[in-house]
Amino acid sequence: MAFLKVSGTKLVGGEGSEVVLRGAGLGGWMTMENFITGYPGCEFQVREALEGVLGEEKSNYFFDKFLEHFFTEKDAVFFRSLGLNCIRIAINYRHFEDDLNPRVLKKDAYKHLDRVINICAAQSIYTVIDMHTAPGGQSGGWHSDSGVHIAKFWVHKDFQDRLVWLWTDIAEHYKDNPWVAGYNVLNEPADPHPTHSGLITFYDRVYTAIRNVDLNHILFLDGNTFATDFSHFPENSGERWENTAYSIHDYAVYGFPNSPEPYERSGAQLERLRKTYERKRRWIDEKGLCAWNGEWGPVYARREYDAEETDQINERRYMVLEDQLQIYAQDKLSWSIWLYKDIGFQGMVYVSQLTPYMKLFKTFLERKHRLAVDAWGKDDKDVKHIYQPIVQLIKDSVSDDSNLKLYPPLWSVEERVTRLSRTMLVAEFLVKEWAEMFSGMDFANLEELAKSFRFENCEKREGLNKALRANAGL
Ligand SMILES: O[C@@H]1[C@@H](O)[C@H](O[C@@H]2CO[C@@H](O[C@@H]3CO[C@@H](O)[C@H](O)[C@H]3O)[C@H](O)[C@H]2O)OC[C@H]1O
């Protein structure tokens, strides 16, 4: 079997035939995330807290069982039955090395990644390995699992050295596997340097290190600032980084609770969808390079929180989804929707409310929702007023308005105050409580909880899957 390659603006398989990758991100697995599995804060925090409650052996057992049950052959069979052909697997560097023992590969580092890549290959599903978290954090987002909003990856060379070391190991490990479509070197970098020089230097270094051991695989490079900005990428990127595709993340504002207005498919709204997408990929097109949409997709209303408005909201979200799919189909764009499985906000399949895990965390999740502890698709109607005085204080106290505009530009003063005070500070106080819900559990209880994430214990988001299936084989 031939390796996928980049040829001009396209991905091609054996004998140069075009391959369009259409699939989903396996988020929440080897990078867990707060809204995906329901904990507060960051993955490293809940792992530490659970160890505090259960001890090392039981805590490791739970997370290992979680990884095992979250993705099995049944998931891959279902995924392929929709006609989808690629899964982007988000990984957390912490599975491979420890901050207190850097550059020492952990025992069993590849155990689950190998297993899932092989399960996918057996169903003719390609995989893209996505480095979702970097030592020190490559963005101020919870999804970089750093726990803070300053992305230290860009200011400590040693963090970068460690990631170059890790990618070299991963490339060595998978260099002969053609079912691995490629390596998504760094999810959503947010390098604050005015010329994005940290990112370009890192891409140069990691490119060279990977190419020294692996000439086969495609590199997927995200634009800076959450995969939206290529303005400082080198003029000669095409020659400088061979066999490379460029990744945008095309989240549409209409797919989220903070949409400026209800989505009705008006001419102006359709125009905005298309224009935003075209803006993100403009540089790639101008340079004649290959584009990949590595993340996109609406979130969905939940009956437990949105009551009788749920269906109407979701009909609108499905319209956004379908309109985005239509744009991508016209361009024969390869895409990876976010995401495959979660506890019921965005996933193609989601853990049933009847499972032990969802029953255990029911009231905890309701409180977390009311407090808007997660940033993604937040609904802050119950708590917004509490943070407004802080927002106002900052606005009133900073003399020059230009000083209110900090990096990243997507974060307004409101967004920054929210992110820091709710998703980091409030969340931190809930972490122990999350872990204490596991108190007194034995190995059998822990496996039962982990089994809640098995495919057979999940519901399917039929509207989403229907739209994906309709577009999968185009
Ligand atoms: O792990 C994922 C994570 O990768 C993802 O990150 C967010 C992506 O969207 C970012 O904002 C968008 C930037 O582009 C504009 O056009 C959109 O309107 C914005 O929504 C956001 O800052 C990132 O945190 O989020 C989901 C995680 O699970």
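Residues numbered from 1 in each chain as written. Predicted model: local features only at pLDDT ≥ 70, side-chain atom pairs only at ≥ 80, totals over all residues. Heavy atoms only, no water.

Taken together, 16 residues lie near the ligand, and E33, H132, H143, E188 and W338 sit nearest. Take E33: an N or O atom from its side chain is 2.5 Å from an oxygen atom of the ligand. In this structure, W338 approaches the ligand through a side-chain N or O atom, which is 2.8 Å from an oxygen atom. For the ligand, the accessible surface in isolation is 590 Å², of which the surrounding protein chains cover 88%. (Near = heavy atom within 4 Å. Polar contact = N/O pair within 3.5 Å; in protein donor to acceptor, adjacent residues only side chain to side chain. Areas by Shrake-Rupley, 256 points an atom, 1.4 Å probe, with all protein chains shown as cover.)

It is worth spelling out the UniProt feature "domain: Glycoside hydrolase family" (unreviewed entry) in the protein chain at this point. According to UniProt, the feature "domain: Glycoside hydrolase family" (unreviewed entry) maps to residues 75–341 in the numbering used here. When the span residues 75–341 is considered, its composition is 40% helix and 16% strand, and the gap between its end C-alpha atoms is 10 Å. (UniProt positions renumbered as here; feature names shortened; annotations may be inferred. Helix = DSSP H or I, 4+ residues; strand = E, 2+ residues; numbered from the N terminus.)

Turning our attention to helix α3 (residues 56–70). Over its 15 residues, α3 runs 21 Å from end to end, which matches the ideal 21 Å to within 8%, given 1.5 Å per residue. Every buried residue of α3 is listed here: S59, F62, F63, K65, F66, L67, H69 and F70. (Expected span 1.5 Å × (residues − 1). Buried < 20%, exposed > 50% of the residue type's maximum accessible area, 1.4 Å probe, protein only.)

Our focus in this paragraph is helix α7 (residues 197–213). Every α-helical turn comprises 3.6 residues, leaving residues that sit three or four positions apart pointing alike. With 17 residues, α7 extends 25 Å from end C-alpha to end C-alpha; this agrees with the ideal 24 Å at 1.5 Å per step. Of the residues making up α7, those classed as buried are G198, L199, I200, F202, Y203, V206, Y207, A209, I210 and R211. In the core, the buried residues of α7 are packed alongside α6 (157–174), β6 (180–184), β7 (218–222), α8 (224–227), α9 (237–240) and β8 (244–249). (Contact = heavy atoms within 4.5 Å.)

Turning our attention to the packing of helix α10 (residues 267–286) against helix α12 (residues 310–330). Interhelical geometry of α10 versus α12 gives an angle of 50° and a closest axis separation of 11 Å. With respect to α12, the element α10 is oriented oblique. α10 and α12 meet at a crossing whose hand is right-handed. On the side of α10, the interface is formed by L270, L273, R274 and Y277, while α12 contributes V320, D323, Q324, I327, Y328 and Q330. Partitioned by chemical class, the residues of the contact of α10 with α12 number 6 nonpolar, 2 polar and 2 charged. (Axes fitted to C-alpha atoms, helices over the stretch in contact; angles between N-to-C directions. Parallel < 35°, antiparallel > 145°, perpendicular 65-115°, else oblique. Left-handed = near helix turned anticlockwise from the far one by under 90°. Nonpolar A, V, L, I, M, F, W, Y, C, P; charged D, E, K, R; others polar.)

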